[in-house]
Amino acid sequence: MNSLRQALDRVYLVGAYLSGLLLILLCALVIWSILARLLGVFAGGASDVAGYVMATSTFMALAYTFRSQGHIRVALFIQKVMGAKRRALEYWCLGIMSAISVYLAYYMVALAEESYEWEERSEGADAMLLWIPQTPVAIGSTLFAMAVVHTFAEAIFDYDSVDPNKTSGEGPSEI
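Sorry if this is basic, but what is going on with the nonpolar core here?
Considering soluble globular proteins, one finds that nonpolar side chains tend to be buried as a cluster. Of all hydrophobic cores here, the largest spans 18 residues; its most connected members are Y12, A63, F66, F144, A147 and A155. When contributions to this core are tallied by element, the ones reaching two or more residues are α1 (2-39), α2 (46-67), α4 (83-118) and α5 (131-157). Broken down by element, this core gets its largest block of residues, seven residues, from α5. Leave out the neighbours within four places in its chain, and F144 touches L62, A63, F66, H71, M97 and S101.

What follows is the structure, encoded as structure tokens:
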């Protein structure tokens, strides 16, 4: 189980690095858009592409951020609960979150597939095929769903690895 955890955590880390690179691209697109406006040059669909890049960057970072406990969780709600009640509450929260993230990933993939089949295009100046920016967002949402289900499975089979009160160095925060 430990080698699977490490392999998946590396995949999530790759998503985080890709997200960082996309943020650099986003900055370059915004700078290009500003300079083009100042120079009177047509920037194409730079603003539209910047929006696609921002969405992709956000979704690519979700899995790593979740696994490194960077998301706002229900900790305020459950921090006073200890023992078996806390474990049950963690299971419930991770179960609900697993269902929601899998639902999101499924429909993001379905949206990209439908856009591909119908050859939908954006309404912006670039008239880009929508499946092109939707596919990496679908991949990011799938990675996030994998990370949540992964954490849920760890909670079921090795609760100490996800218990925020334990600092064994083996938990998801140690990627």
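What exactly am I supposed to notice about unusual backbone geometry here?
Most of the time, phi is negative for any residue but glycine, and the peptide bond is trans. Positive phi outside glycine occurs at E119, with the angle close to 55°. Structurally, the position occupied by E119 is in the loop between α4 and α5. A relative accessible area of 59% means that E119 is categorised as exposed. Even without a glycine there, the phi angle at A127 is positive, about 45°. Position of A127 relative to the elements: it lies in the loop between α4 and α5.

Explanation requested: a negative patch on the surface in the structure shown.
A contiguous patch of negative charge on the surface is contributed by E113, E114, E117 and E120. As for its placement among the helices and strands, E114 is situated in helix α4.

Mind showing me how you'd approach the packing of aromatic side chains here?
Each aromatic ring pair is described using two quantities: the centre-to-centre distance and the angle formed by the ring planes. Inspection of every chain in the model, using the stated rule, returns five aromatic pairs. Consider the rings of Y103 and Y107, whose centres lie 4.8 Å apart with planes at 55°: the pair is tilted. Placement of the pair is Y103 and Y107 together in helix α4, with a separation of four residues, close to one helical turn. Classification of Y103 by relative accessible area gives exposed; the value is 56%.

Before we go on, may I ask you to explain a nonpolar patch on the surface in this structure?
A contiguous nonpolar patch, built from V30, I31, W32, I34, L35, L38, L39 and V41 and spanning about 770 Å² of accessible area, is present on the exposed surface. Inspection of the secondary structure puts V30 in helix α1.

Please explain the packing of α1 against α5 as it appears in this structure.
Two packed helices can be described by the angle between their axes and the distance between those axes. Direction vectors running N to C along α1 and α5 enclose 150°, while the axes themselves pass 11 Å from each other. When the interaxial angle is binned, α1 and α5 end up roughly antiparallel. Crossing of α1 against α5: the hand is left-handed. The residues of α5 that touch α1, namely those facing R5, L8, D9, V11 and Y12, are L143, M146, A147, H150 and E154. Taken together, the residues of the contact of α1 with α5 sort by class into six nonpolar, one polar and three charged.

Could you clarify how one ought to interpret the pattern of salt bridges in this entry?
A side chain of one charge can pair with a side chain of the opposite charge when the charged atoms of the two come close. Under the criterion given, the structure shown has five salt bridges. The closest approach of N and O atoms between R67 and D9, which form a salt bridge, is 3.0 Å. Of this pair, R67 sits in helix α2 while D9 sits in helix α1, and the two are 58 residues apart along the sequence. For D9, a relative accessible area of 5% puts it in the buried group. Salt-bridge contacts for E90 lead to R86; the nearest nitrogen and oxygen are separated by 4.0 Å. Of the two residues, E90 and R86 both sit in helix α4, four residues apart, roughly one turn of that helix. In this structure, a network of salt bridges that share partners links the residues R5, D9, R67, E154 and D158.

Quick notes on the rules
- Residues numbered from 1 in each chain as written.
- Predicted model: local features only at pLDDT ≥ 70, side-chain atom pairs only at ≥ 80, totals over all residues.
- Heavy atoms only, no water.
- Core = buried A, V, L, I, M, F, W, Y, C linked by side-chain atoms within 4.5 Å.
- Buried < 20%, exposed > 50% of the residue type's maximum accessible area, 1.4 Å probe, protein only.
- Helix = DSSP H or I, 4+ residues; strand = E, 2+ residues; numbered from the N terminus.
- Contact = heavy atoms within 4.5 Å.
- Patch = residues over 30% accessible without salt bridge, like charges linked within 9 Å, V, L, I, M, F, W, Y side chains within 5 Å.
- Areas by Shrake-Rupley, 256 points an atom, 1.4 Å probe, with all protein chains shown as cover.
- Salt bridge = Lys/Arg side-chain N within 4 Å of Asp/Glu carboxyl O.
- Lys, Arg positive; Asp, Glu negative; His and termini not counted.
- Charge placed at Lys NZ, Arg CZ, Asp CG, Glu CD.
- Phe/Tyr/Trp six-rings, centres within 6.5 Å; stacked < 30°, edge-to-face > 60°.
- Axes fitted to C-alpha atoms, helices over the stretch in contact; angles between N-to-C directions.
- Parallel < 35°, antiparallel > 145°, perpendicular 65-115°, else oblique.
- Left-handed = near helix turned anticlockwise from the far one by under 90°.
- Nonpolar A, V, L, I, M, F, W, Y, C, P; charged D, E, K, R; others polar.

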